[in-house]
Amino acid sequence: MSHVEFIAPTKPEQAAAALLAGGAHARPLSGGTDLLVQLRSGRLPPGLIVDLKRIPEAIGIRQEGGGFVIGAATPGAALSEHRALGLAWPGVVEAANLIGSTQVQGRASMAGNLCNASPAADSVPALVAARATCVIVGPGGRRTAPVGSIAIGPGRTSLAPGEFVLEIHLPPRPARSGDAYLRLIPRTEMDIAVVGAGVNLTLDGDGVVTEAHVALGAVAPTVLLVADAGAALIGTKADEAALAALDAAARAACNPISDKRGTIEYRTKIAGVLARRAATIAYGRAEKRA
Amino acid sequence: MSKRQHISAVVNGDPVDFLTDPGATLLDALRDDLGLTGSKEGCGSGDCGACSVILDGRLVCSCLVLAVEAEGRRVETIEGMADGSKLHPLQQKFLEHAALQCGFCTPGLLVAAKALLDVNPDPTESEARYWLAGNLCRCTGYDKVIRAVMDAAAELRQVRV
Ligand SMILES: Cc1cc2nc3c(=O)[nH]c(=O)nc-3n(C[C@H](O)[C@H](O)[C@H](O)COP(=O)(O)OP(=O)(O)OC[C@H]3O[C@@H](n4cnc5c(N)ncnc54)[C@H](O)[C@@H]3O)c2cc1C
Ligand code: FES
Ligand code: FES
């Protein structure tokens, strides 16, 4: 990897200016577990690497305004060590922790997972179901966007030249809320999702679902937020009829490809099964979170 | 060629300085600039764990870290594990349990196992297996590795009380 240039600014505005000046081959670096693999294999041409990890806001987990702010370059291992985050958002944390091995967890961030824009990125369905937003810094200043608007196709994002994600925000959590993420891989560790499903819901005092969001990974070019699947749970206690409706809605939303990991038919069927199971887990967690 | 950068870091407790190409990995710098050839390159893509080191307290693949990222950071490698000629209990148990054959994966497995016992002195077997899932071994079939790690953990707990 010769002809690589590297800078590690400490201010977000410096990073945005450098990314803009660096042109098409300039890249933000968080954990490097995608970027360095792509550079080393020659899939990405060398250029300017802008390390975000020396920007204080891009590292760490902060509780703000009743929600959580997660610095873009915070590694998965730090998420699993944060007790309050794990209690409020167990589904987001379990999704991020599925990424790779212990070594990969020491580096891999959710923002990198998001901006790499793989349809199978594990943390993204959980973040989309959580209605997470990101703070984006660019040459023109800051803006906020839903996590679901970042990836626009495999390997492609909606970020403009010079823009990068500085923080991921998880909204305030009402009582009796729960989330869960499940993925299917052919082995128990270290593989890419055949399908991933994230469910996030809130119950009223009687256990009736008042809000529900269902997101699916690896069944379309980008992660899908399946509004009909969420709607199938609302007003129910996630009973068998509601789960059957959610399963059907999840399958109907799928637009997958066939590859060595699974056929279109298999992926579609599994999407329904995983959405059902994740909904059941999320429901159980919501009941326990008084 | 890009301009080489001067990096100061702490490796196994000792301050080190080296010049590196901005595209070089930490693994390259450890092996080629600092002569620490214990860390191995099995894949170069984060899959095998032979290059495992501890960077500022976190287990990472040094093949997926740029050497320039190490500026001001602490790096622990396999070379820092024994105390002079006295082996670390993990190293001793790997020998006793014959947890290595060709030995290529061994430095990475030892560093990863040490990182586990640093945070979890009393892991279950399944915790140890999951923790070490990113360390591939072509020879041993893992059972002896796991036995050595569990045995070393037990011995270290004895030492601590
Ligand atoms: C062995 C191995 C196993 C893996 N297993 C999984 C898995 O099970 N599931 C899974 O989903 N992924 C997996 N991955 C892929 C990868 O680890 C994840 O996608 C990870 O979350 C990427 O995060 P990162 O911080 O390392 O990103 P980086 O590599 O730093 O960046 C990824 C991309 O996003 C850009 N980027 C990084 N940060 C930002 C930012 N803040 N703003 C804008 N752009 C940014 C980079 O320029 C690059 O294009 C695996 C990788 C390896 C090596
Ligand atoms: S050489 Fe780094 S993981 Fe294989
Ligand atoms: S002992 Fe040969 S690879 Fe593990």
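First, a word on scope: everything that follows refers to the structure included in this document. Per-chain numbering applies: the sequence of each chain, read as written, is numbered from 1 onward. Lettering of chains starts at A and numbering of ligands starts at 1, both following the order in which they are written. Only residues with pLDDT of 70 or above have their local features reported here, since the model is predicted, and side-chain atom pairs are shown and tallied only from 80 upward, although totals for entire chains, interfaces and linings are computed over all residues. With hydrogens and water excluded, all non-hydrogen atoms of the structure serve as input to the side-chain values.

Observations regarding helix H5 (residues 143-160) of chain B
Residues and elements named next belong to chain B.
Stage number 1. Helix numbers and strand numbers start at the N terminus; a helix is a DSSP run of H or I with at least 4 residues, a strand a run of E with at least 2. Under the convention used throughout, the expected extent of a helix is 1.5 Å for every residue step, that is, one less than its residue count. For H5, with 18 residues, the first-to-last C-alpha span of 26 Å sits near the 26 Å given by 1.5 Å per residue.
Stage number 2. Restricting attention to buried positions, one finds in H5 the residues Val-145, Ile-146, Ala-148, Val-149, Ala-152, Ala-153 and Leu-156. Buried residues of H5, viewed axially, fall in a sector of 160°; they line one side.
Stage number 3. Between two residues, a contact is recorded if the distance between any of their heavy atoms is within 4.5 Å. Buried-residue contacts for H5 involve helix H2 (89-96), helix H3 (106-119) and helix H4 (125-131). Relative accessibility decides the category of a residue: with a 1.4 Å probe and only protein chains considered, values under 20% of the type maximum give buried, values over 50% give exposed, and everything between is partly exposed. Directions from the helix axis toward the C-beta atoms define the arc.

Some thoughts on the interface of chain B and chain A
Stage number 1. In this assembly, 33 residues from chain B lie in contact with 30 residues from chain A.
Stage number 2. At the boundary of chain B with chain A, total buried surface from both sides reaches about 2400 Å², with 55% on carbon and sulfur atoms.
Stage number 3. In this description, buried area is defined as the sum, over both parts, of the accessible area (probe of 1.4 Å) that is lost when the two are combined. Of all residues in chain B, Arg58(B), Leu64(B) and Glu69(B) give up the largest surface area on contact with chain A, accounting jointly for 26% of the area buried on that side.
Stage number 4. We define a salt bridge as a contact between a side-chain nitrogen of Lys or Arg and a carboxyl oxygen of Asp or Glu at a distance within 4 Å. The interface formed by chain B and chain A holds four salt bridges in total.
Stage number 5. In this structure, Glu81(A) engages Arg58(B) in a salt bridge whose closest nitrogen and oxygen atoms are separated by 2.9 Å.
Stage number 6. Within 3.5 Å is the distance limit for a polar contact, defined as a pair of N or O atoms, with the added protein rule that one can donate a hydrogen and the other accept it, and that residues adjacent in sequence qualify only through two side-chain atoms. Counting across the chain B and chain A interface gives twelve residue pairs in polar contact (both at pLDDT 80 or more).
Stage number 7. Sorting the residues of the side of chain B that touches chain A by element identifies strand E3 (52-55), strand E4 (58-61) and H4 of chain B as the ones contributing at least two each.
Stage number 8. Per element, the largest residue contribution to the side of chain B that touches chain A is four residues, and it comes from E4(B).
Stage number 9. Class assignment for the residues of the side of chain B that touches chain A results in 15 nonpolar, eleven polar and seven charged. Residues are grouped as follows: nonpolar covers Ala, Val, Leu, Ile, Met, Phe, Trp, Tyr, Cys and Pro; charged covers Asp, Glu, Lys and Arg; every other residue, Gly included, is treated as polar.

What about the sheet that holds strand E11 (residues 177-184) of chain A?
Residue and element names in this part refer to chain A.
Stage number 1. Being paired, for any two strands, means DSSP has found at least two bridges between them. The four strands are arranged E11-E12-E13-E14 in an open sheet whose pairing can be described as antiparallel. On the outer flanks of this sheet lie E11 and strand E14 (224-225), each paired with one strand and no other.
Stage number 2. In terms of strand pairing, strand E13 (residues 209-217) meets E14 through two bridges, oriented antiparallel. Bridging from a neighbouring strand, Ala-215 pairs with Leu-225 of E14.
Stage number 3. Note on geometry: axes are lines fitted to C-alpha atoms, helical ones only across the stretch in contact, with angles between N-to-C directions running from 0 to 180 degrees. Together, E11, strand E12 (195-203) and E13 form the strand contacts of helix H11 (residues 264-288), whose direction differs from that of E11 by roughly 150°.

Some thoughts on the site of ligand 1
Stage number 1. Distances are taken per atom, and a residue is near a molecule or strand as soon as one of its heavy atoms is within 4 Å of it. Contacts to ligand 1 come from 36 residues, most closely from Pro28(A), Thr33(A), Asp34(A), Ser109(A) and Asp122(A).
Stage number 2. Near ligand 1, residues from chains A and B are present, making the site a shared one.
Stage number 3. In the model, a nitrogen atom of ligand 1 is placed 2.7 Å from a nitrogen or oxygen of the Asp122(A) side chain.
Stage number 4. Contact distances for ligand 1 include 2.8 Å between a nitrogen atom and a backbone N or O atom of Val165(A).
Stage number 5. Coverage of ligand 1 by the protein amounts to 93% of the 980 Å² it exposes when considered alone.
Stage number 6. Sort the elements by how many residues they give to the shell around ligand 1 and helix H7 (residues 110-116) of chain A lands first, with five residues. Note that accessible areas follow from Shrake-Rupley with a 1.4 Å probe, and for residues the cover is restricted to the protein chains shown.

A few points about unusual backbone geometry
Residue and element names in this part refer to chain A.
Stage number 1. Even without glycine at this site, Arg-131 takes up a positive phi of about 60°.
Stage number 2. When you line up the elements, Arg-131 lands in the loop between helix H8 (123-129) and strand E6 (133-138).
Stage number 3. The class for Arg-131 is partly exposed, based on a relative accessible area of 38%.
Stage number 4. The phi torsion at Arg-176 lies on the positive side, around 50°, for a residue other than glycine.

Details of the pattern of salt bridges
All names here are of chain A.
Stage number 1. What the rule picks out here adds up to 26 salt bridges over all chains.
Stage number 2. Put simply, Arg-276 and Glu-240 hold a salt bridge, and the shortest N to O gap is 3.1 Å. Highlighted residues: Arg-276 in helix H11 and Glu-240 in helix H10 (residues 240-253), separated in sequence by 36 residues.
Stage number 3. In this structure Glu-240 comes out as exposed when scored by relative accessible area, which is 51%.
Stage number 4. Between Asp-259 and Arg-267 there is a salt bridge, and its shortest N-O distance comes to 3.1 Å.

A few points about the pairing of strand E5 (residues 67-71) of chain A
All names here are of chain A.
Stage number 1. With respect to burial, E5 is a largely interior element, five of its five residues being buried.
Stage number 2. By the alternation rule, side chains of E5 split into Gly-67, Val-69 and Gly-71 and Phe-68 and Ile-70, which are all buried.
Stage number 3. In this antiparallel pair of consecutive strands, strand E4 (residues 61-64) and E5, the connection spans two residues, and Gly-65 shows a positive phi of 55°.
Stage number 4. As paired strands, E5 and strand E10 (residues 164-170) are joined by four bridges and run antiparallel to one another. Across the sheet, the residue bridging to Phe-68 is Leu-170, located in E10.

Quick notes on the packing of aromatic side chains
Stage number 1. Centre distance within 6.5 Å is the pairing criterion for rings of Phe, Tyr and Trp, where only the six-membered ring of Trp is used; planes under 30 degrees apart are then read as stacked, over 60 as edge-to-face, and the remainder as tilted. Scanning the entire structure with this criterion turns up zero aromatic pairs over all chains.
Stage number 2. Distance and angle both matter: a charge sits over a ring if NZ of Lys or CZ of Arg is within 6 Å of the ring centre and within 35 degrees of the ring normal. Over the ring of Trp89(A) we find Arg173(A); its NZ or CZ atom is 3.6 Å from the centre of that ring.

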